[in-house]
Every structure is written in structure tokens, then in C-alpha cells.
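Structural description and commentary
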Amino acid sequence: MIQNETKEYLLQELETVAKWEKDQKGLWFWEKIGRVPFMILDRITPKMVHKKLGQALDEIGSYIQKGGSYLTSEKEVLNRIKKQTGNEEMGIHAVKEMPLQVMDDVSQAIVETRKKVAMTQGATTGIGGFLTLSIDIPFILGISLKTLQEIALSYGYDPNEPSERVFIIKCLQFVSSDVVGKQAILQELSEFNQASPNKRDQAISQLQGWREVMVSFRDNFGWKKLFQMIPIAGILFGSFINKSMMHDIGEAGRMLYRKRRILEKLEIQV
């Protein structure tokens with residue numbers, strides 16, 4: 001049964017998001033010192049692996065400007081929504097009119113699917129220790145971007161728009177930031193809908209330093225990925241770590257997009 005979207009209901013759901021935001025007090029201890037093991041990894045990792053990682057970061061960075069190979073298809077998400085609502089004529093522009101509960105259910109199903117894929121990938125690459133780490137890191141970066149795009153679509157936002165891709169990168173950046181960085185990003189995103197076109201253009205320009213965002217995201221693997229470098233034992237670590245990371249990314253994406261959609265629904269009611 002779909003909850004009637006009264007103003008009181010929407011305000012209650014907004015309070016749930018606010019509570020989640022308040023709980024974002026920073027990173028676990030091993031994440032705070034996550035850069036240390038990567039300083040060690042940089043010294044022992046072969047140049048070929050560094051090169052592959054650099055290429056992957058370049059490809060993901062181009063996503064901000066043109067989407068590239070990381071731009072996801074609307075079809076799969078729309079099919080999920082059609083199955084959920086029974087509306088075969090559903091298009092991206094009609095999604096924003098859906099009840100919040102439907103959006104939540106679709107986005108949650110997307111995250112659960114991606115977590116399973118990430119777990120399998122982590123277990124597979126964990127077999128070979130650090131030699132396969134160069135495969136796993138670009139994979140996680142790529143699936144993270146696609147998951148956030150699918151979450152955006154499930155809440156009625158189009159990742160084909162450059163400004164929307166900025167919001168997605170900010171969500172990704174949020175996951176790997178410390179408590180100060182998280183608060184700054186929450187402030188930026190809270191003003192996203194009210195931003196003028198010029199201000200959004202400035203945000204895109206600021207993200208020309210996207211490599212810093214991606215390197216920060218990579219470094220956040222830290223100690224967790226260090227354990228995955230142990231051959232065979234890395235299967236267990238890799239599976240758990242990837243599932244955990246996708247959970248964090250999915251939760252952040254869902255909460256930040258959920259807040260945005262609730263505020264827009266409230267604005268319409270006013």
C-alpha cells in the first residue's frame with residue numbers, strides 16, 4: 001500500500017534523511033588512515049598497474065563532460081519502474097510524478113543488485129592478491145557511477161544532463177570525504193536545486209579537478225583493500241569489502257536524491 005503523500009508525511013520522511021545526515025560523523029579509524037597503505041602500495045606496485053589505473057581514472061573523469069562509456073542506459077531502470085507500477089507508458093519525465101515509496105523501492109532494488117555484482121567481483125579478484133587489484137579498483141569506480149546514475153533515474157533525474165553528473169560526482173565524493181568534507185558537500189547539495197545556471201556552470205568548472213575526487217575515492221580503499229591483497233584469503237576480504245562499499249555508496253545516493261525529491265514535492269504542495 002502506497003502512503004498518501006501529505007505534507008506531514010513528506011516532512012516526516014525529510015526528518016528521516018536529516019537524521020541520517022546527522023549520523024554522518026566521519027570515517028572509521030581504518031578509513032581515516034587509509035592513505036598510508038596506498039603510499040606503500042605505490043612503491044611496490046608495478047608501473048604497468050599504475051598505468052592501467054591512470055587510464056581508468058581518465059575514462060571516468062571524462063564522464064563529467066560527456067558521459068562516455070560510463071553513461072548508463074535508462075531502459076533497465078524504466079523497466080523496473082514499469083514492473084513496479086504496471087504503467088507501460090512510463091518515461092523518464094513521468095518518473096518524478098511517482099509516489100516517493102515507489103522511488104524508494106526501485107532504488108533499493110537497484111542497490112541490492114549492484115551489491116551482489118560487486119561481491120562477486122571482489123571475490124574473483126581476491127584470488128590473485130594485489131595483481132588483480134588493478135582490475136577491481138576501476139571496476140568499483142565504474143559500477144559506483146552507474147549505480148548513482150540509476151538511483152538518479154529512479155528519483156526522476158536525468159544523468160544525461162551535465163549538471164546532474166556534477167551532483168552524482170558530489171555523491172561519490174561524499175562517501176570518501178571526512179566529516180568536514182561531508183558537511184561542506186551536504187551544504188552544496190542542499191542548494192543545488194536553487195542554484196542559478198551560472199552557479200551550476202561554476203560547479204562543473206570546479207570539478208575540472210575531478211582527478212582529486214577519484215584519487216581520494218581510490219585512497220579510501222586503504223587498509224580494507226590491503227587485506228584483499230593476500231592471495232586466496234583475499235576472496236573473503238574482497239567480497240565483504242566490495243559489498244560494504246556499494247552499501248555506503250547506495251545509501252548516500254539514495255538519501256541525497258531522496259532529500260532532493262522530497263523538497264521538490266513539498267515545494268509543489270506549497
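Below you will find a few notes about this structure. (Residues numbered from 1 in each chain as written. Predicted model: local features only at pLDDT ≥ 70, side-chain atom pairs only at ≥ 80, totals over all residues. Heavy atoms only, no water.)

**Side note on the overall build of the chain**
Stated formally: For the purposes of this entry, the term helix denotes a DSSP run of H or I that reaches at least four residues, the term strand denotes a run of E that reaches at least two, and both are numbered from the N terminus. Residue exposure (1.4 Å probe, protein chains only): buried if accessible area is under 20% of the type maximum, exposed if over 50%, otherwise partly exposed. Contacts are assigned to residue pairs with any non-hydrogen atoms lying within 4.5 Å of each other. Residue-level accessible areas treat just the shown protein chains as cover; the underlying method is Shrake-Rupley with a 1.4 Å probe.
When helices and strands are tallied, the chain shows 14 helices and 0 strands. Helices (α) and strands (β) of the chain occur, in sequence order from the N terminus, as α-α-α-α-α-α-α-α-α-α-α-α-α-α. The 270 residues of the chain split such that 50% are buried. In the chain, 81% of the contacts between residues at least 6 apart in sequence involve partners at least 24 apart. Here the chain has roughly 13500 Å² of accessible surface; of this, 57% comes from carbon and sulfur atoms.

**With respect to the pattern of salt bridges**
Quick note on the threshold: The working definition used for a salt bridge is a side-chain nitrogen of Lys or Arg within 4 Å of a carboxyl oxygen of Asp or Glu.
Applying the stated criterion across every chain yields a total of 11 salt bridges. Taking the shortest distance from any N to any O, the salt bridge between Glu-5 and Lys-265 comes out at 3.1 Å. Linking Glu-5 in the segment before helix 1 (7–23) with Lys-265 in helix 14 (residues 234–269), this pair joins segments that are 260 residues apart in sequence. Residue classification places Lys-265 among the buried positions, given a relative accessible area of 11%. Of the charged contacts, one joins Glu-76 and Arg-80 as a salt bridge, the two residues approaching to 3.9 Å between their closest N and O atoms.

**Some remarks on the packing of helix 9 (residues 162–175) against helix 10 (residues 179–190)**
The test is simple: Only C-alpha atoms enter the line fits that serve as axes; for helices the fit covers just the stretch in contact. Angles between N-to-C directions range over 0 to 180 degrees. Here the angle decides the label: under 35 degrees means roughly parallel, over 145 means roughly antiparallel, 65 to 115 means roughly perpendicular, and every other value means oblique. A clockwise turn of the near helix away from the far one marks a right-handed crossing, whereas an anticlockwise turn of less than a right angle marks a left-handed crossing. Three classes are used: nonpolar for Ala, Val, Leu, Ile, Met, Phe, Trp, Tyr, Cys and Pro, charged for Asp, Glu, Lys and Arg, and polar for all others, with Gly counted as polar.
Look at helix 9 against helix 10: their axes get within 9 Å of each other, and the N-to-C directions meet at 160°. As judged from the angle between their axes, helix 9 and helix 10 are roughly antiparallel. Considering how the two elements wind past one another, helix 9 and helix 10 form a crossing that is left-handed. Contact residues: helix 9 offers Phe-167, Lys-170, Gln-173, Phe-174 and Val-175, while helix 10 offers Lys-182, Ile-185, Leu-186, Glu-188 and Leu-189. Here the residues of the contact of helix 9 with helix 10 are counted per class, giving 6 nonpolar, 1 polar and 3 charged.

**Describing the packing of aromatic side chains**
For clarity, the cut-off: In this analysis, rings of Phe, Tyr and Trp, with Trp reduced to its six-membered ring, are considered paired at centre separations within 6.5 Å, and the interplanar angle assigns stacked below 30 degrees, edge-to-face beyond 60, and tilted for intermediate values. Charge-over-ring placement is defined geometrically: NZ (Lys) or CZ (Arg) within 6 Å of the ring centre, and within 35 degrees of the ring normal.
With the rule as written, the count across this model stands at 3 aromatic pairs. Three or more aromatic residues link up through ring pairs in this structure, and these residues are Tyr-157, Phe-167 and Tyr-257. Cation over ring: Arg-260 sits above Tyr-157, and NZ or CZ is 4.1 Å from the ring centre. Looking at Arg-260, its charged tip hangs above the ring of Phe-167, at a distance of 4.5 Å from the centre.

**Details of the side chain of Arg-114**
How we decide: Two N or O atoms form a polar contact when they lie within 3.5 Å of each other; inside protein one atom must be a possible hydrogen donor and the other a possible acceptor, and for residues adjacent in sequence the pair counts only when both atoms belong to side chains.
With respect to the helices and strands, the residue Arg-114 is situated in helix 7 (residues 100–126). Polar side-chain contacts of Arg-114 include one of 2.7 Å to the side chain of Glu-150. In this structure Arg-114 touches Ile-143, Lys-146, Thr-147, Glu-150 and Met-246, once residues within four positions along its chain are discounted.

**A few points about the nonpolar core**
Among soluble globular proteins, nonpolar side chains are generally buried collectively. Under the convention used in this document: Among buried residues, the Ala, Val, Leu, Ile, Met, Phe, Trp, Tyr and Cys ones that are joined through side-chain atoms within 4.5 Å form a nonpolar core.
Within the largest apolar cluster, 51 residues are counted, with the highest numbers of intra-cluster contacts made by Ile-81, Leu-256 and Tyr-257. When residues no more than four places from it in sequence are discounted, the contact partners of Leu-256 are Trp-20, Phe-167, Cys-171, Phe-174, Leu-186 and Leu-189.

**Some remarks on helix 1**
Filter applied, for reference: By definition here, a helix of n residues has an expected span of 1.5 Å times n minus one. Along the arc lie the directions from the helix axis toward the C-beta atoms.
Between its terminal C-alpha atoms helix 1 stretches 25 Å, which fits the 24 Å expected from 17 residues at 1.5 Å a residue. Taken together, the buried positions of helix 1 are Tyr-9, Leu-10, Glu-13, Leu-14, Val-17, Trp-20 and Glu-21. Projected down its long axis, helix 1 shows its buried positions confined to an angular sector of 135°, all on one face. For helix 1, exposure combined with an orientation more than 90 degrees from the buried face picks out Glu-8, Gln-12, Glu-15, Lys-19 and Lys-22.

**Concerning the environment of Thr-147**
Turning to its location among the elements, Thr-147 is positioned in helix 8 (residues 133–154). The class for Thr-147 is buried, based on a relative accessible area of 1%. Along the backbone, Thr-147 and Ile-168 are 21 residues apart, and their C-alpha atoms lie at a distance of 9.7 Å. Discounting residues that sit within four places of it in the chain, Thr-147 has contacts with Arg-114 and Met-246.

**As for helix 5 (residues 74–85)**
Over its 12 residues, helix 5 runs 16 Å from end to end, which matches the ideal 16 Å to within 8%, given 1.5 Å per residue. The set of residues buried in helix 5 consists of Val-77, Leu-78, Ile-81 and Lys-82. One side of helix 5 carries all its buried residues, which in axial view fall inside an arc of 140°. For helix 5, exposure combined with an orientation more than 90 degrees from the buried face picks out Lys-75 and Lys-83.

**Some details on the environment of Ile-241**
Within the secondary structure layout, Ile-241 lies in helix 14. The spatial distance from the C-alpha of Ile-241 to the C-alpha of Ala-123 is 9.5 Å, given a sequence separation of 118 residues.

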